[in-house]
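This is what each chain is made of:
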Amino acid sequence: MDEPTAPPDPSAKPPAATGTVYRHRLATRIWHWINAIAIFIMIGSGIGILNAHPRLYWGQYGANFDHAWLDLRPYGNILRSGWLTIPAGYDLAISRRWHLLFALVLGFGLLAFMIASLINRHFQRDLRVRAGEIGPRQLWADLLAHLRFDFHNPDDPAAYNTLQKLAYVAAIFVLIPLMIFTGLAMSPGMDAAWPWLIELFGGRQSARSIHFIAASGIVLFVIVHLTLVVLAGPIEEIWSMITGRWTLPAPPPPPEPAPAEHAGPEAAE
Amino acid sequence: MTLITRRTLVTGGALGAGLLLSGCDKLAQQPGFRRILFSGEKINMGLQRALMDRNALAPEFSAEQMSPVFRTNGNSNPNTADYNRHVAENFANWRLEIGGLVDRPLRLSLSDIGAFPQRAQITRHDCVEGWSAIGKWQGPMLGNVLKAAGVRTSARYIVFTCADLWSGAPYYESIDMVDAFHPQTILAWAMNDKRVSVGHGAPIRLRVERHLGYKNAKYVMRIDAVASLAGIGLGKGGYWEDHVNYDWYAGI
């Protein structure tokens, strides 16, 4: 994106449409799959744990006689469905075993990925959101492109688009770290070791509520992520996350009479 | 990619997720994997102990921060003949027995317990289920009581045997010597400036503040210093640990 290229002639078939590019580095691929497993287990076991007391509070304390800002008991039938929880039947102890083991995978996995991605410059090269990308006009153009199922900039098809970058940045730098730190804040041992944790979140029950909200954010991320993988061409996308090599997509059919929107973000820079 | 293939993939994905979930349960039943699953407890304990000063205190609160209502949980009345007699006598003839690997086994009355230097603390009780309640607890530090009994250096765990019966056997819990000698580990006879009620564990409730609620044994009748947890109950160090796989290390 640093080198400006001439806007493509929409009637010509771009020559780059064949072949593959190296898109995902090894560290990204390893972390992606380890993390996918960890998130899957954390969500299932987390719902299992939530079912032990499906009420959420703000502040330091919160129990049955206190005001709950969210009471999930009416949804108990759904939250206790066997297809949603690990294990399938309600078993707080086993849910906790899964959750607290895979919390280590999630936490140390993220740490290792962050270090590797600083060293191999994945963060700087692929995830850096530039100021020119996040103007309302550029975001609107990117949103319209998404609605046309048009995910790739023909000039640099392997680059992430802006909304994609923002989603990854939100997951990697906001949601998962929030999960980890609110999770730690719920541990009575960690509250003694790191008393600032509980102060940061305004109490253990607030930490528990934020844990739930961030988890909901991750569930939303996973749904959108998987939907877009399916829409963008699941075989190619999954294959590229295994091998690193990504088959360049066929160019989208030229939009009928409307001017090409593609030049949008680049032209603005 | 045609829509049909996409639909197949979505259905396949959902089925796959379902299979993965039931796969998790199958895995968790295999002894080898179960050992891995249960190893998280030791890793977390090791990490927490490495990060934590031995005497690092659990957060304490001010009187205004206390829960208006401190709910009860688990057993709220042992209701055995012995226990009911002690309640009727207001625990006048009750004695806390301290034995095992000690030089001077003790039998302490409530006034003996009150004669030790007292510690009062307003702390948060965190149930494994997820709720928390803040209350005030007062009693002697367990460490001082153990010193008075002359606890031996061969002791590695302190076991608490309680008055409440679960399927015929008394509730019990255990902690190691790090927690036994922690300054906030007290034998609480007072809660919120009154004698501990029957619902909350009269006459004595263990407070071990860096652990979840189930470690904070109610109705403590006996305290034993032991070298090993093997042979006590089913050997896992507590009623819930023995029967439903709760972690012995409840700092998380």
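Residues numbered from 1 in each chain as written. Chains lettered and ligands numbered in written order. Predicted model: local features only at pLDDT ≥ 70, side-chain atom pairs only at ≥ 80, totals over all residues.

## Here we look at the pairing of strand β3 (residues 118-126) of chain B
All names here are of chain B.
(1) Moving on: As judged from the nine bridges shared by β3 and strand β4 (residues 132-140), these two strands associate in the antiparallel manner. In the strand pairing of β4, His 125 is matched with Ala 133.
(2) Moving on: The antiparallel pairing of β3 with β4 creates a hairpin that spans five residues between the two strands, and Gly 130 there sits at a positive phi of about 125°. (Pairing = 2+ DSSP bridges. Helix = DSSP H or I, 4+ residues; strand = E, 2+ residues; numbered from the N terminus.)

## What about the domain arrangement of chain B?
(1) Moving on: Segmentation of chain B into domains returns domain 1 (3-47) and domain 2 (59-244).
(2) Moving on: Distance between the C-alpha centres of domain 1 of chain B and domain 2 of chain B: 38 Å. (Domains from an automatic or database assignment.)

## As for the sheet that holds strand β6 (residues 169-176) of chain B
All names here are of chain B.
(1) Moving on: Across the sheet, which stays open at both edges, the five strands sit in the order β2-β1-β11-β5-β6 with mixed pairing between neighbours. The sheet is open, and its two edges are formed by β2 (106-108) and β6, each paired on a single side. For this sheet the average axis-to-axis angle between neighbouring strands, irrespective of direction, equals 20°.
(2) Moving on: The sheet contact formed by strand β5 (residues 157-166) and β6 spans seven bridges and is antiparallel. The residue of β6 that forms the bridge with Val 159 is Ser 174. (Axes fitted to C-alpha atoms, helices over the stretch in contact; angles between N-to-C directions.)

## Considerations on the nonpolar core
(1) Moving on: One finds B:Phe160, B:Cys162, B:Leu187, B:Ala188 and B:Val220 to be the most contacted residues of the largest nonpolar core, which totals 51 residues.
(2) Moving on: Counting residues per element, the ones that place at least two in this core are α1 (26-50) of chain A together with β1 (96-100), α5 (142-148), β5, β6, β7 (186-188), β11 (220-226) and α7 (239-244) of chain B.
(3) Moving on: Counting residues per element, this core draws most heavily on β5(B), which supplies six residues.
(4) Moving on: Sequence-distant contacts of B:Leu187, that is, excluding residues within four places in its chain, are made with B:Ile113, B:Gly139, B:Pro140, B:Leu142, B:Val145, B:Ile204, B:Leu206 and B:Val220.
(5) Moving on: Core analysis: the second largest hydrophobic core is formed by 35 residues, A:Trp98, A:Leu184, A:Met186 and B:Cys24 among them. (Core = buried A, V, L, I, M, F, W, Y, C linked by C-beta atoms within 7 Å. Buried ≥ 20, exposed ≤ 12 C-beta atoms within 10 Å, placed from the backbone. Contact = placed C-beta atoms within 7 Å.)

## Remarks on the interface of chain B and chain A
Interfaces are frequently sized by the accessible area removed from exposure as the parts join.
(1) Moving on: In this complex, chain B contributes 49 residues to the contact, which on the side of chain A involves 42 residues.
(2) Moving on: Elements represented by at least two residues in the side of chain B that touches chain A include exactly α1 (3-29), α2 (31-51), β3 and β4 of chain B.
(3) Moving on: Considering every element that reaches the side of chain B that touches chain A, the biggest residue donor is α1(B), with eleven residues.
(4) Moving on: Classifying every residue of the side of chain B that touches chain A gives 27 nonpolar, 13 polar and nine charged. (Nonpolar A, V, L, I, M, F, W, Y, C, P; charged D, E, K, R; others polar.)

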